[in-house]
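Working through the structure, step by step
One letter stands for each residue in the lines below.
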Amino acid sequence: MDGYTYYGVALMRRPSPELARGIVTHIPRAAVDPVLAARQYTIYQEALASAGWRVCEVEAAPGHPDSVFVEDTVVVCGDLAVLTRPGAEARRGEVEGVEPVVRALGLRVARIEAPATLDGGDVLQVGSTVYVGVGGRTNTEGAAQLEKLLKPLGREVERVGMGAALHLKSAVTALPDGSLVGLPDLVEADALPPVRRVAEEPGAHVLPLGGRDVMVSAAARETIHQLTADRWRVLPVDISQFERLEACVTCLSVLIPDQGAGA
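As a convention, each chain's residues are numbered from 1 in the sequence order in which they are written. Only residues with pLDDT of at least 70 get local features here, since the model is predicted, and only at 80 or more are side-chain atom pairs given and counted; chain-wide, interface and lining totals rely on the full set of residues. Values reported for side chains reflect all heavy atoms of the structure, with hydrogen atoms and water molecules removed beforehand.

1. Quick look at the pattern of salt bridges
It is possible for side chains of opposite charge to pair when their charged atoms get near one another. A pairing counts as a salt bridge when a side-chain nitrogen of Lys or Arg comes within 4 Å of a carboxyl oxygen of Asp or Glu. Taken as a whole and assessed by the stated rule, the structure comprises 14 salt bridges. Notably, a salt bridge pairs Asp 79 with Arg 108, separated by 3.1 Å at the nearest N-O pair. Separated by 29 residues along the polypeptide, Asp 79 in the loop between strand S3 (74-77) and strand S4 (80-83) and Arg 108 in strand S5 (residues 108-111) bring together distant segments of the chain. Each of the salt bridges in this network shares a partner with another, and the network as a whole consists of Asp 72, Arg 91 and Glu 94. Under the scheme used here, helices are H or I runs from DSSP no shorter than 4 residues and strands are E runs no shorter than 2 residues, and both carry numbers assigned from the N terminus.

Here it is, written out as structure tokens:
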């Protein structure tokens, strides 16, 4: 065992037919091809399966164009699933369909309550430390409620001020060994350990899949080259249609390791 191998269930949700109407905040709106998006979603699923994950699809959320970005609806830590309260009011209806799925998986369930807001994309778990991006979709009360829920699990929450990024994991993510990569200028990086700067924006987003497997956007060519040179096994996926809605590889799934898995 290499010290960070794990497998389990990958929660996903099929793209809405209304995907092209998804929220765009920091980039110009671009046309989205729903047929190509559906194909890219399937390929993403296949990549997860190839790395040993069992895909479990959450029920569709009609009327919610952004619902494919299931990461924002729930934060899973150990045996606890924290249902979020997204910062964008239009997305709050996406959470309801996630609850029965995580309960069926045997997880305990807690919920972020008003006036707090919390998006899963703002929560970066690195070992026993949980970094929470505050000031964008997630507010200070959301971070405080999450901290209270995770403290009994032995997790320490650190707040990171947001800059010109939609979510914390739009700017910074972690490799399986816990080292950070990304674009530190987009957040208040003083709250973080050293961040290895990547050559291009899509390279800021890595999704650890267990062992030395990491998923990265196919658009991050230089980052893929560097990670491969560092002996990570890189699974590139084309998510161009989702990137037009400010999404990245972490947004499309919630990975729930089997209880007791890993070293």
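2. What about the packing of aromatic side chains?
The criterion for an aromatic pair is that two Phe, Tyr or Trp rings (for Trp, the six-membered ring) have centres within 6.5 Å, with stacked assigned to planes under 30 degrees apart, edge-to-face to planes over 60 apart and tilted to the rest. Tallying each qualifying case throughout the model produces 1 aromatic pair. Taken together, a centroid distance of 6.2 Å and an interplanar angle of 85° make the contact between Phe 69 and Phe 242 edge-to-face. Of this pair, Phe 69 sits in the loop between strand S2 (54-57) and S3 while Phe 242 sits in helix H6 (residues 240-243), placing them 173 residues apart in sequence. Using a 1.4 Å probe on the protein chains alone, a residue whose accessible area is under 20% of its type maximum counts as buried, one over 50% counts as exposed, and one in between counts as partly exposed. Taking the relative accessible area as the measure of exposure, Phe 69 reaches 4% and is therefore buried.

3. Quick notes on the environment of Ser 217
Here Ser 217 shows up in strand S13 (residues 213-217). Placed 65 residues apart in sequence, Ser 217 and Pro 152 show a C-alpha to C-alpha distance of 35 Å. Only heavy atoms enter the contact rule, under which two residues are in contact if any of them lie within 4.5 Å. With sequence-adjacent residues up to four places away left out, Ser 217 is seen in contact with Pro 202, Ile 224, Val 237, Ile 239, Glu 243 and Val 249. A 3.5 Å cut-off defines polar contacts: any pair of N or O atoms within that distance qualifies, except that in protein one atom must be a possible hydrogen donor and the other a possible acceptor, and neighbouring residues in sequence count only when both atoms are side-chain atoms. A distance of 2.6 Å separates a polar atom in the side chain of Ser 217 from a polar atom in the side chain of Glu 243.

4. Some remarks on unusual backbone geometry
Note the cis peptide between Ala 114 and Pro 115, where omega equals 10°. Along the polypeptide, Pro 115 turns up in the loop between S5 and strand S6 (123-126). Of note, the phi angle at Arg 231 is positive, near 75°, even though the residue is not glycine. Relative to the helices and strands, Arg 231 is located in the loop between helix H5 (221-229) and strand S14 (233-237). Phi angles above zero are rare outside glycine, and Glu 246 is one such case at about 65°. Secondary-structure assignment places Glu 246 in the loop between H6 and strand S15 (254-257).

5. A few points about the pairing of S3
Residue alternation in S3 divides its side chains into two sets, Val 74 and Val 76 and Val 75 and Cys 77, and both sets are buried. By the convention used here, strands pair only if DSSP detects at least 2 bridges between them. Across 4 bridges, S3 lies against S4 in antiparallel orientation. Bridge pairing links Val 75 to Val 82 in S4. Between S3 and S4, which pair antiparallel one after the other, the connecting turn spans 2 residues, and Gly 78 there sits at a positive phi close to 60°.

6. Focus: the nonpolar core
In terms of nonpolar packing, the biggest core is built from 27 residues, with Tyr 44, Leu 48, Phe 69, Leu 209, Met 215 and Phe 242 touching the most fellow members. Those elements that place two or more of their residues in this core are strand S1 (8-12), helix H1 (34-50), strand S12 (206-210) and S14. Examining the composition of this core, we find that 5 residues originate from one element, H1, more than from any other. With near-sequence residues (within four places) excluded, Leu 48 lies in contact with Ala 10, Met 12, Trp 53, Val 55, Leu 207, Leu 209, Met 215, Ser 253 and Leu 255. Counting residues in each nonpolar core, the second largest holds 16 residues, with Leu 80, Ile 112, Ala 116 and Leu 150 among its members. For the purposes of this section, nonpolar cores are sets of buried Ala, Val, Leu, Ile, Met, Phe, Trp, Tyr and Cys residues that join through side-chain atoms within 4.5 Å.

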